Each structure stands twice: as structure tokens, then as C-alpha cells.
Amino acid sequence: MKEFSSLKGFKDLLPGESERWEWVESIARTTFRAFGFSLIRTPILERTALFTRSIGETSDIVEKEMYTFKDWNGGNITLRPEGTASVVRAYLEKTSHTPILPAKFYYSGPMFRHERPQAGRLRQFHQLGAEIIGEIDPRQDVELLSLLHTFFKRLGVEGLTLELNSLGCPVCRPAYRTSLKTYLEEHLPTLCEDCQRRFMANPLRILDCKKKECRVITKKAPPPLDYLCQECSDHFKSVQKGLRKLNISFVIRPHLVRGLDYYTKTAFEITTTALGAQNAVAAGGRYDGLVAALGGPATPAIGFAIGMERLMQLVPPSPFQNLPLHLFLIPLGKMAGEYLFPVLYALRRKELRCEMGKENASLKSQMKRADRLGARFVLIVGEDEIDRGTTVLRDMATKEQINIEFTELTETILSNVGLRD
Ligand code: ATP
Ligand code: MG
């Protein structure tokens, strides 16, 4: 069996847990739609170049986390490590001719990163994300953050913190970068090996390092906020003002950066204290440079991704879980089985959760099964009942018995059992 066991960092989603996912996904669907987002599904495999270009050669993802293979024709392909690059690619390829901007997409699905598996960190994990493409207005940032806020509220997830920062733009970033490098240079020998490498290629990412020795140093580093140009500073102020107006609380985390290269201006994380080290439930920000980097016209954009596995650990038990059966049909004998099987079909088509016992099993064992499945009602049909043309519907909770004529079997069941959940 070991030979066929699942891969490390890859998990099955099983009944018992899957109902909660269904519930969260259904809340996501209604919430995201209300905010004007449409579902997009992109392929799981893409050309490697899409990710190296958009996520950046010097990011952790591209440097060491991607599942990259040779395709049959020798081309490099990669299992998507995140969703934004593919959404932008699809937007440019298929939908950029749309006259309605901004384009608003949401997605949900598996992502793949070859990381060290641990609590809150898998190799196949799932993200639920949203992107607004084609709008620079800070109100879009507020809209996106208010969507996240609403979604978590509807799920009943408590104790989250919205952490906010601004990373500047190509106008103000160079000055900040220089200042950060000047500061870090003094401490270079104490930084971890990875950060020493990052110092040349991408010093901002050093602020994201989770190693203790680096954190001590980065805590005192100059923050990007001190270097924002007028436009970025105004933008950031408007975002904060907008959030306050909607009563959405946040904290400024001056050293928050994103691991991905294409972020500009607003960057944020939603964190919790309930998950230990892996405390980010969602993350995102503006990426005004990405569409152009992928060959499109200069187009501002903003998005986020929620880590589903981490979110699921915070979601209270859902109403979808352990849903009992509405009705268990008990046929006694072959004739009753033949009679009830189409009834089962008719009721299921009306969305009643029903099961039927085995016609040759005893009444006692079928009742036992109805009980185990938590059936609210049972209906017993044997030859006697068929001869008489009537039977009873038994309410397992109240022990109440309702007489039913066979001529109105499904109608009576439906009106009594209803869709009570
Ligand atoms: P982290 O700092 O935790 O590595 P990240 O910066 O790599 O996160 P993003 O690429 O921004 O994360 O992904 C957004 C969200 O996806 C994260 O906040 C997290 O909830 C989730 N996530 C990222 N990587 C994993 C993983 N390996 N396993 C489970 N969830 C993940
Ligand atoms: Mg990561």
C-alpha cells in the first residue's frame, strides 16, 4: 500500500470535510457575484515563461518552488503556483477587447508549490482569488478589501487583522530601494544566506524573510512609506479614508512586502493569531505593472488570493455538514422494491435527500440503517401496504405517523417532509 500512498504535501478532501468547502464556496459565489465579479477558470498547466516573467526570476516561487516539466515537444511547462499570472494572460488573450473596464474576475482552484510540507503549508493547496483589471482609482482597492471583509464576516470567521502598506511605484521605488540597500549593506554579514543573495537581485524581499536573524535587522529598516511619491501617498490616504468610511478596521504594517515582483502601491495581508507561524489567510495588492510586463497595454490592476486550507481551519462548522437524510424508504420484498425505486427517483428529482434499503433485508436491519443515516422520516412498504394502497410515513423524531394514499404518495411526502433542513 505504501507504494501507492499519496504524495507528501498533497491531500485528499474527504466527506466530513468537503461539505464545509462546498458551503464556503457557495458563500463565495454569492458574495463575489454581488460585488460584480465573474468566474474565470484557467488551465492548471501553463508555459513556464508566464510565471518566470510575471512572478519574477528572483522570487522564492520561481527560484525553488515550481513544478516544472518538459512537455512532449520539449517545451517547458509548469503547474500553476498562483492564479494572477494566468488570469492576466487569459484577459490579454481572450477578453481584453471587452469594452467594459474594469474587468472583474474571481477564481478558485488548486495551486502547486514545492515547499517543505508543514502545518498550513502544502504542495498542492487551493486559492480563492479575485482580480480587478483596468482601474487605478483607490476606490477599487477599497472595494476589493470590502469584498474580503464581507466574505469573512458571512463565514463567521473572527479575529482577523487587515494589515496594510504601500510599496510605491516605479517613480518612487528606486529611491527607496537605494535607501534600503544602504541600510542593509551595513548588516549584510548577519543576514541569512538567502538574503545575502537577495541583496543584489531583489532587496525588498529581504523584508519578507521569516528567519529570526533577518527579522532583527529588517525591523529597523526604513519603510517604503517614507519614500512614497505624491501620487502614491495620495492613493494610500484615499484607501485608508475609504476603509474608515465603511468601518473596516486595519493596521498599517510598514514592513509588509509581497513576495511577488509585480506589486505596486497598496499591499495587504489578512492575518490571524489562530494558526501559528503560517498566519496569513489572504494576501494581495496592486500590480499596476504586470499587464504591460506580459505584453499588454499599460493597465493598472489589483487582486488578492485567499489560502483555502488556512481559511478552512478558521471557519466554524457549516450548515452543510452532517446533513441528515430527509427520508429513508423501506421496501419489504421484491414487489415493494420495484414499487419504491421510481418513487426514490421522483423524490430525489425534487431535491429530497433520500435513500432506500435493500428489499430482501429485514425490517429491523433497514430501520437500523435509517437510524444510522439520521433519516428524519421513514416510509415502510410491504405487500400488505401495496394491496391496501396505503401506508404510513413515520417521523423518527416525534414518532408521529402520517397516513398516505399510494395515489398521492410523492405529493404527500413532499408536503410533509418538505425541504426542512
Ligand atoms: P507565505 O508567506 O505564507 O509563504 P506567500 O506570500 O507565499 O505566503 P501568496 O503567494 O501571496 O503567499 O498566496 C496567498 C495565500 O495563499 C497565502 O496567504 C496563504 O494563505 C496561501 N498559501 C500560500 N502558499 C501556501 C501553501 N504552500 N500551502 C497552503 N497555503 C498557501
Ligand atoms: Mg510562500
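None of the values given here were measured: they were computed from a predicted structure.

**Quick word on the state of the cysteines**
Chemically, a disulfide is nothing more than a covalent bond linking the sulfur atoms of two cysteines.
Phase 1: Enumeration over the complete set of coordinates arrives at zero disulfides.
Phase 2: Here C169 stays unpaired: no disulfide links it, and the sulfur of C232, its closest cysteine neighbor, is 3.5 Å away.
Phase 3: C192 takes part in no disulfide bond, and the closest cysteine sulfur to it belongs to C214, at a distance of 3.6 Å.

**Some words on the side chain of T299**
Phase 1: Following the sequence through the fold, T299 ends up in the loop between α10 (290-293) and β11 (301-307).
Phase 2: In this structure T299 comes out as buried when scored by relative accessible area, which is 7%.
Phase 3: There is a polar contact of 2.6 Å between the side chain of T299 and the backbone oxygen of P297.
Phase 4: Residues within four places of T299 in sequence aside, it is in contact with Y91, I133, G134, D288 and V291.

**Some words on the site of ligand 1**
Phase 1: What surrounds ligand 1 is a group of 16 residues, the closest being R113, E115, K210, R258 and A280.
Phase 2: A distance of 3.5 Å is found between an oxygen atom of ligand 1 and a backbone nitrogen or oxygen belonging to G307.
Phase 3: Protein contacts shield 91% of the accessible area of ligand 1, which totals 580 Å² for the unbound molecule.
Phase 4: Put simply, the parts of the chain that give the shell around ligand 1 at least two residues each are β6 (124-133), β10 (280-286) and β11.
Phase 5: When residues of the shell around ligand 1 are assigned to their parent elements, the largest contribution, four residues, is made by β10.
Phase 6: The residue makeup of the shell around ligand 1, split by class, is seven nonpolar, three polar and six charged.

**Examining the packing of aromatic side chains**
Phase 1: Counted according to the given criterion, the structure contains nine aromatic pairs.
Phase 2: One Lys or Arg, K181, reaches over the ring of F199 and ends 5.2 Å from the middle of that ring.

**Details of the nonpolar core**
Phase 1: The biggest cluster of nonpolar side chains holds 46 residues, and the ones touching the most others in it are F105, I133, L180, L184, C195 and Y287.
Phase 2: Setting aside anything within four residues of it in sequence, one finds L184 in contact with F199, P203, I206 and I217.
Phase 3: Judged by nonpolar contacts, the second largest core, of 45 residues, contains I27, L155, F236 and M308.

**A closer look at the sheet that holds strand β2 (residues 45-47)**
Through backbone hydrogen bonds, the strands of a sheet pair up, either in parallel or in antiparallel fashion.
Phase 1: Strand order in the open sheet made by the three strands is β2-β4-β3, with antiparallel pairing throughout. The open sheet terminates on both sides in strands that have one partner only, identified here as β2 and β3 (67-70). Averaged over neighbouring strand pairs, the angle between their axes works out to 35 degrees when direction is ignored.
Phase 2: Where helix α2 (residues 48-55) meets the sheet, its contacts fall on β2, β3 and β4 (76-79), and the angle it forms with β2 comes to roughly 75 degrees.

**Quick word on the domain arrangement of the protein chain**
Phase 1: Split by domain assignment, the protein chain resolves into domain 1 (2-172 + 228-318) and domain 2 (323-420).
Phase 2: The gap between the C-alpha centroids of domain 1 and domain 2 is 47 Å.

**Quick word on the packing of helix α6 (residues 173-187) against helix α7 (residues 193-201)**
Phase 1: Across the interface, α6 lies against α7 with an axial gap of 11 Å and an inter-helix angle of 145 degrees. Both α6 and α7 take part in a crossing whose hand is left-handed. Between α6 and α7, the residues in contact are R177, K181, L184 and E185 and F199, M200 and A201, respectively.
Phase 2: Grouping the constituent residues of the contact of α6 with α7 by class yields four nonpolar, no polar and three charged.

**Concerning the environment of E63**
Phase 1: Of note, E63 is situated in helix α3 (residues 60-65).
Phase 2: Excluding residues within four positions of it along the chain, E63 makes contact with E57, T58 and R197.
Phase 3: At 3.0 Å, the side chain of E63 forms a polar contact with the side chain of R197.

**Remarks on the environment of L243**
Phase 1: Summarising the element assignment, L243 is placed in helix α9 (residues 230-245).
Phase 2: When the C-alpha positions of L243 and G36 are compared, they lie 19 Å apart, and in sequence the two are 207 residues distant.
Phase 3: Once residues within four sequence positions are removed from consideration, L243 is found in contact with V142, L145, L162, L164, I248 and F250.

**Digging into unusual backbone geometry**
Across the chain, the bulk of peptide bonds are trans and the bulk of non-glycine residues have phi less than zero.
Phase 1: Despite not being glycine, K265 has its phi angle at roughly 45 degrees, a positive value.
Phase 2: Mapped onto the fold, K265 is located in strand β9 (residues 264-272).
Phase 3: When its relative accessible area of 4% is taken as the criterion, K265 is described as buried.
Phase 4: For E351, which is not glycine, the phi torsion reads 70 degrees and is therefore positive.
Phase 5: Its location among the elements puts E351 in the loop between α12 (334-349) and β13 (354-356).
Phase 6: By relative accessible area, E351 is classed as exposed at 61%.

Conventions and cut-offs
Residues numbered from 1 in each chain as written. Chains lettered and ligands numbered in written order. Predicted model: local features only at pLDDT ≥ 70, side-chain atom pairs only at ≥ 80, totals over all residues. Heavy atoms only, no water. Disulfide = S-S within 2.5 Å. Helix = DSSP H or I, 4+ residues; strand = E, 2+ residues; numbered from the N terminus. Buried < 20%, exposed > 50% of the residue type's maximum accessible area, 1.4 Å probe, protein only. Polar contact = N/O pair within 3.5 Å; in protein donor to acceptor, adjacent residues only side chain to side chain. Contact = heavy atoms within 4.5 Å. Near = heavy atom within 4 Å. Areas by Shrake-Rupley, 256 points an atom, 1.4 Å probe, with all protein chains shown as cover. Nonpolar A, V, L, I, M, F, W, Y, C, P; charged D, E, K, R; others polar. Phe/Tyr/Trp six-rings, centres within 6.5 Å; stacked < 30°, edge-to-face > 60°. Lys NZ or Arg CZ within 6 Å of the ring centre and 35° of its normal. Core = buried A, V, L, I, M, F, W, Y, C linked by side-chain atoms within 4.5 Å. Pairing = 2+ DSSP bridges. Axes fitted to C-alpha atoms, helices over the stretch in contact; angles between N-to-C directions. Domains from an automatic or database assignment. Left-handed = near helix turned anticlockwise from the far one by under 90°.

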